[in-house]
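Structural overview for review
One-letter residues, chain by chain:
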Amino acid sequence: MAHSCRRVRPPGSAWNLEADIAVIRGRGLYRHLRTIDGPEDAEVVVDGRRALLFCSNNYLGLANDPAVVRAAQGAAERYGAGSGSSRLISGTLAIHAKLEEQIAQWKGAERALVFSSGYHANLGAIQTLVGRGDLVLSDELNHASLIDGCRLARADVRVYPHKDLEALERELRAASARRVLIVTDSVFSMNGDRAPLVEICDLAERHGAAVMVDEAHGTGVMGPSGSGLVEELDLRGRVLVEMGTLSKALGSFGAYVAGSRALTELLVNRARTFIFTTGLPPAAVGAAAAAIDIVQREPERRSRLWRNARALHRAIAAAGIATVPLESPILPIVLGDEARTMRACERLLERGVFAQGIRPPTVPEGTSRLRVTVMATHTEEQIERAGRALAETIQEAT
Ligand code: PMP
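Note that this is a predicted model, so its numbers are computed, not measured.

Turning our eyes to something else, we now look at the site of the ligand. Around the ligand sit 14 residues, and of these Gly-118, Tyr-119, Asp-214, His-217 and Lys-248 come closest. One nitrogen or oxygen atom from the side chain of His-143 is found 3.3 Å from a nitrogen atom belonging to the ligand. Note that an oxygen atom of the ligand is positioned 3.4 Å from one of the side-chain N or O atoms of Ser-247. With the chains in place, 83% of the 400 Å² that the ligand exposes on its own is no longer accessible. Among the elements that take part in the shell around the ligand, helix 4 (residues 118–129) stands out by supplying three residues, more than any other.

So, about the side chain of Asp-134. With respect to the helices and strands, the residue Asp-134 is situated in the loop between helix 4 and strand 4 (135–139). According to the relative accessible area criterion, Asp-134 is buried, its value standing at 3%. In contact with Asp-134, other than residues within four places in its own chain, are Leu-129, Ala-155, Asp-156, Ala-177, Arg-178 and Arg-179.

Our next topic: the sheet that holds strand 12 (residues 357–358). Where strands meet in a sheet, backbone hydrogen bonds hold them as pairs that are either parallel or antiparallel. As summarised here, the arrangement of the three strands in space is 10-13-12, forming an open sheet in which the pairing is antiparallel. Looking at which strands have only one partner, the edges of the open sheet turn out to be strand 10 (330–336) and strand 12. Examined bridge by bridge, strand 10 and strand 13 (residues 368–373) share six bridges and lie antiparallel to one another. Across the sheet, the residue bridging to Val-334 is Arg-369, located in strand 13. Sheet contacts for helix 13 (residues 338–350): strand 10, strand 12 and strand 13; angle to strand 13, the most-contacted strand, approximately 35°.

Within the structure shown, the criterion is met by 23 salt bridges. Arg-178 is paired through a salt bridge with Asp-134; the nearest N and O atoms lie 3.5 Å apart. With Arg-178 in the loop between helix 6 (165–174) and strand 6 (180–185) and Asp-134 in the loop between helix 4 and strand 4, this pair connects stretches of sequence that are 44 residues apart. You can call Arg-178 exposed: its relative accessible area is 65%. Across the salt bridge formed by Glu-392 and Arg-351, the nearest N and O atoms sit 2.9 Å from each other. Of the two residues, Glu-392 sits in helix 14 (residues 380–397) while Arg-351 sits in the loop between helix 13 and strand 11 (353–354), which places them 41 residues apart along the sequence. Residue classification places Glu-392 among the partly exposed residues on the basis of a relative accessible area of 42%.

Each value, and the rule that gives it
Residues numbered from 1 in each chain as written. Predicted model: local features only at pLDDT ≥ 70, side-chain atom pairs only at ≥ 80, totals over all residues. Heavy atoms only, no water. Near = heavy atom within 4 Å. Polar contact = N/O pair within 3.5 Å; in protein donor to acceptor, adjacent residues only side chain to side chain. Areas by Shrake-Rupley, 256 points an atom, 1.4 Å probe, with all protein chains shown as cover. Helix = DSSP H or I, 4+ residues; strand = E, 2+ residues; numbered from the N terminus. Buried < 20%, exposed > 50% of the residue type's maximum accessible area, 1.4 Å probe, protein only. Contact = heavy atoms within 4.5 Å. Pairing = 2+ DSSP bridges. Axes fitted to C-alpha atoms, helices over the stretch in contact; angles between N-to-C directions. Salt bridge = Lys/Arg side-chain N within 4 Å of Asp/Glu carboxyl O.

Here it is as structure tokens:
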């Protein structure tokens, strides 16, 4: 249905927003939204075209799992559509407290606190723990929310080259700040590789620094009970702040920070992104709780995910396409140039496979890529088809 709208006149020439867009276009960085009509399944309809989905973080297929969806419905029926207020006013519902207990238990932590998104959790945790005069040591490929958390905290920030332990140690030796916090993704979201967490914890302990790990892409995917890379590497108790999302492998929305009782108390009292925002809606909480149950009870979903990841990795390698060693369900194919990447993304979609092109500032200049991700719900045949389509597309692009 057509709708009437009134064109807003720019307040002055400085407000020519079309010119801002033209600059973005000129740099080959213009982004637009693609619409998927239906759930994040292995096969979707994207902008009206049927395609295999190979860029979702719905790693275990839980976003559209019937039991998870039913749990969301049940929570909405019992608690309503929204939580009505910020957590510190009247927005803490029994379902929030229950989820926090469940996460703490899963993570082997004293406490957990749920945030409205991973972005909120990272901003709030860093800003709570460090401030002016403190130092954050941050991997150069950390997620934007960690980078923005450092900005909000107003602490000094030293960015170390990706996974470079020698550089990290040099920074630790030179540091004279009261508090030093090392911040890293456990699995790097656009690279698919893992941080050397054992060595980072060793270094931190030697130099009296604390460690914060973002398990957005480890949660549900790694560790004997699926709680993340910290669990897999037996680092519980050595990481001050374990953050993770409810929105990727867990298929819902929101995030958590797990750690000591003092940490969560401090977050409730200081984290601006916790205090000044509305509590997570009941449906999201109910869905996340059901998803964690499934992750713990059904390790076979993780096995299927890893079997699929190995199959796609083999197909990509067999086609002579360069990618990273297999460390997660994220398999980037770096094409370098922005325009070439977006052309490859379009050609791939024409061949019936959707893997989004990723450009700066999400990735460093000159490393634009197709970020290919696998899900437990892909069939062997779908993975073979994707492998063939990728092989043809990348051959054309190089
Ligand atoms: N950290 C990492 C590593 C991520 O990949 C993401 C999601 N893109 C986030 C944090 C933010 O999480 P959310 O989408 O829940 O805001």
